[in-house]
Amino acid sequence: MKNVPLIDLTLSKGLNKKISKAIGEVIESKSYILGSRVESFEKAFAKFLGVKYAVGVGSGTDALRLALRALGIGQGDKVITVAFTSPFTAVAIVEEGSIPVFCDVDEKTYTIDLANAERKIDKRVKAIIPVHIYGNPCQIDHVLAIAKKHNLKIIEDACQAHGAKYKGKRVGIFGDLSAFSFYPTKNLGAFGDGGMIVTNSSSLAKKIYSLRHGGQTKRFWHVYKGVNSRLDEIQAAILEIKLKELDKNNRKRERLAKRYIKELSDLPVIFQQVTKNSNSVYHLFTIRTKKRTRLMNYLREGGIGCDIYYPYPTHLQPLFKNYEAGSLPTTESLDRELLAIPISPTLSSKEQDKVILRIRNFFKK
Ligand SMILES: *Cc1c(COP(=O)(O)O)cnc(C)c1O
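Residues numbered from 1 in each chain as written. Predicted model: local features only at pLDDT ≥ 70, side-chain atom pairs only at ≥ 80, totals over all residues. Heavy atoms only, no water.

Q: Can you help me understand unusual backbone geometry in this one?
A: Glycine aside, negative phi is the norm for most residues, and most peptide bonds take the trans geometry. The peptide bond linking Tyr309 to Tyr310 adopts the cis configuration, its omega dihedral lying at 15°. One can find Tyr310 in the loop between helix 10 (292-301) and helix 11 (329-337). The residue Lys30 is not glycine, and still its phi comes out positive at about 60°. The exposed category is assigned to Lys30, whose relative accessible area is 63%. (Helix = DSSP H or I, 4+ residues; strand = E, 2+ residues; numbered from the N terminus. Buried < 20%, exposed > 50% of the residue type's maximum accessible area, 1.4 Å probe, protein only.)

Rendered as structure tokens:
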């Protein structure tokens with residue numbers, strides 16, 4: 001049997017043709033930036049989530065940056081976030097001149113440890129950026145309660161959680177603003193970079209329409225300190241087509257995850273827990289073991305793709321090590337012990353059998 005890739009970006013049947021046709025239409029239209037397709041995809045994505053406004057931007061990192069900027073959070077302001085995430089969450093904070101304050105994550109769900117976060121709140125903290133890591137919603141009600149108590153803004157980092165649900169509602173609708181990424185490997189991925197900011201606030205949406213476009217409020221009239229970060233027409237056309245398959249693909253990921261859990265639960269490995277009130281979209285599926293490196297090598301030798309997300313805790317990296325973090329034991333042990341295994345929606349049951357068998361063999365040795 002062929003190798004099983006960790007991430008398989010093969011399109012489902014018929015999609016290639018549909019997308020090629022749509023790209024051809026954009027080329028013919030001669031409208032490439034901020035045209036009808038971006039607007040149409042923004043509307044479709046907002047409707048999918050159940051939120052009023054969605055504004056397309058150049059990447060997930062830019063979505064986080066512009067969300068901070070729209071809220072007036074910048075130079076010298078502190079922003080609480082997790083160290084167990086894509087480092088780009090913190091890159092966005094630093095890019096805006098703000099100061100990341102890193103907190104630990106929960107041992108079971110790998111999402112923000114709110115007791116730890118609350119201890120780090122002081123007068124300079126202006127916002128909190130929880131991350132729905134691997135597609136698993138954080139405990140949003142608790143985040144909302146803490147934010148209210150301390151008068152903080154919330155930006156959800158939903159870059160890995162397109163379609164995930166908390167108490168039956170899609171994540172991204174709870175924060176003041178939320179950020180999504182369409183990086184090719186995400187559950188909803190473009191053929192390049194792309195991102196989206198969503199909100200229910202018309203004034204914040206208006207501000208972001210301007211910020212992404214150089215801070216213009218009308219043509220050639222610049223009011224705010226903006227950037228040039230726009231989702232383009234070709235990516236928007238592709239994403240609108242792929243959005244129609246997102247729920248189906250997420251359900252497939254969930255079925256694969258449930259099967260892994262069923263078939264591997266007798267082994268000495270730990271799985272990320274999804275709380276009863278949530279539905280994860282399993283952007284990644286990880287197993288936790290102290291034998292991580294040996295297991296990784298063994299799977300790779302057997303032709304099974306696997307990788308580490310994330311190999312270096314954010315707060316220990318050169319760019320971030322001088323910011324406030326303290327000791328974050330759960331983050332550090334997760335980064336030592338987690339291994340991501342294949343969970344693409346295109347994974348066949350035969351391929352999954354092969355992954356399961358190889359993992360079982362490793363622990364038999
Ligand atoms: C992918 C990702 C980002 C950054 O998104 P880009 O589109 O790559 O800029 C930020 N946060 C998290 C949690 C991510 O997974």
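Q: Would you explain helix 4 (residues 88-95) in this entry?
A: Residues lying three or four places apart along an α-helix face the same way, a consequence of the helix completing one turn every 3.6 residues. Burial in helix 4 covers these residues: Thr89, Ala90, Ala92, Ile93 and Val94. Where the residues of helix 4 are buried, they touch helix 3 (60-70), strand 2 (78-82), strand 3 (99-103), strand 4 (125-129) and strand 5 (153-157). Within two residues after helix 4, Gly97 carries a phi angle of roughly 80°, on the positive side. (Contact = heavy atoms within 4.5 Å.)

Q: For this particular structure, what's the right way to read the pattern of salt bridges?
A: Side chains that differ in charge, positive against negative, can pair when their charged atoms come close. This structure, assessed with the given rule, holds 23 salt bridges. Here Glu39 and Lys43 are joined by a salt bridge, their closest N and O atoms 3.6 Å apart. Of this pair, Glu39 and Lys43 both sit in helix 2 (residues 36-49), four residues apart, which is roughly one turn of the helix. We classify Glu39 as partly exposed; its relative accessible area is 47%. On the basis of relative accessibility, which here comes to 59%, the residue Lys43 falls in the exposed class. (Salt bridge = Lys/Arg side-chain N within 4 Å of Asp/Glu carboxyl O.)

Q: Help me understand helix 7 (residues 202-211) in this model?
A: Those residues of helix 7 that sit buried are Leu204, Ala205, Ile208, Ser210 and Leu211. Contact partners of the buried residues in helix 7: strand 1 (53-57), helix 3, strand 8 (177-181), strand 9 (195-199) and strand 10 (216-218).

Q: Which parts of the structure should I look at to understand the site of the ligand?
A: Gly60, Thr61, Asp157, Ser181 and Lys186 are the nearest of the 14 residues found near the ligand. The separation between an oxygen atom of the ligand and a polar main-chain atom of Gly60 is 2.7 Å. With the chains in place, 92% of the 380 Å² that the ligand exposes on its own is no longer accessible. Listed by contribution, the elements that provide at least two residues to the shell around the ligand are helix 3 and helix 4. Partitioning the shell around the ligand into residue classes produces three nonpolar, nine polar and two charged. (Near = heavy atom within 4 Å. Polar contact = N/O pair within 3.5 Å; in protein donor to acceptor, adjacent residues only side chain to side chain. Areas by Shrake-Rupley, 256 points an atom, 1.4 Å probe, with all protein chains shown as cover. Nonpolar A, V, L, I, M, F, W, Y, C, P; charged D, E, K, R; others polar.)

Q: Looking at this structure, I do not really get the sheet that holds strand 6 (residues 165-166). What am I missing?
A: Neighbouring strands of a sheet are bound in pairs by backbone hydrogen bonds; such pairs are parallel or else antiparallel. Spatial strand order, 7-6-13: three strands in an open sheet with antiparallel pairing. Pairing within the sheet leaves two strands with one partner each, and these edge strands are strand 7 (169-170) and strand 13 (278-279). (Pairing = 2+ DSSP bridges.)

Q: Before we go on, may I ask you to explain the nonpolar core in this structure?
A: Side chains of a nonpolar character, in soluble globular proteins, are inclined to be buried together. Ranked by size, the top nonpolar core spans 56 residues in total, and within it Phe41, Phe45 and Ile112 carry the most contacts. No other element matches helix 2, which puts six residues into this core. There are two domains that each give this core at least three residues, and those are domain 1 (15-243) and domain 2 (246-364). The contacts of Phe45, once residues within four sequence positions are left out, are His162, Phe180, Phe182, Leu188, Met196, Val198 and Leu243. Val4, Leu264, Phe271 and Phe363 belong to the second largest nonpolar core, which has 27 residues in total. (Core = buried A, V, L, I, M, F, W, Y, C linked by side-chain atoms within 4.5 Å. Domains from an automatic or database assignment.)

Function cannot be read off these values alone, since they describe shape.
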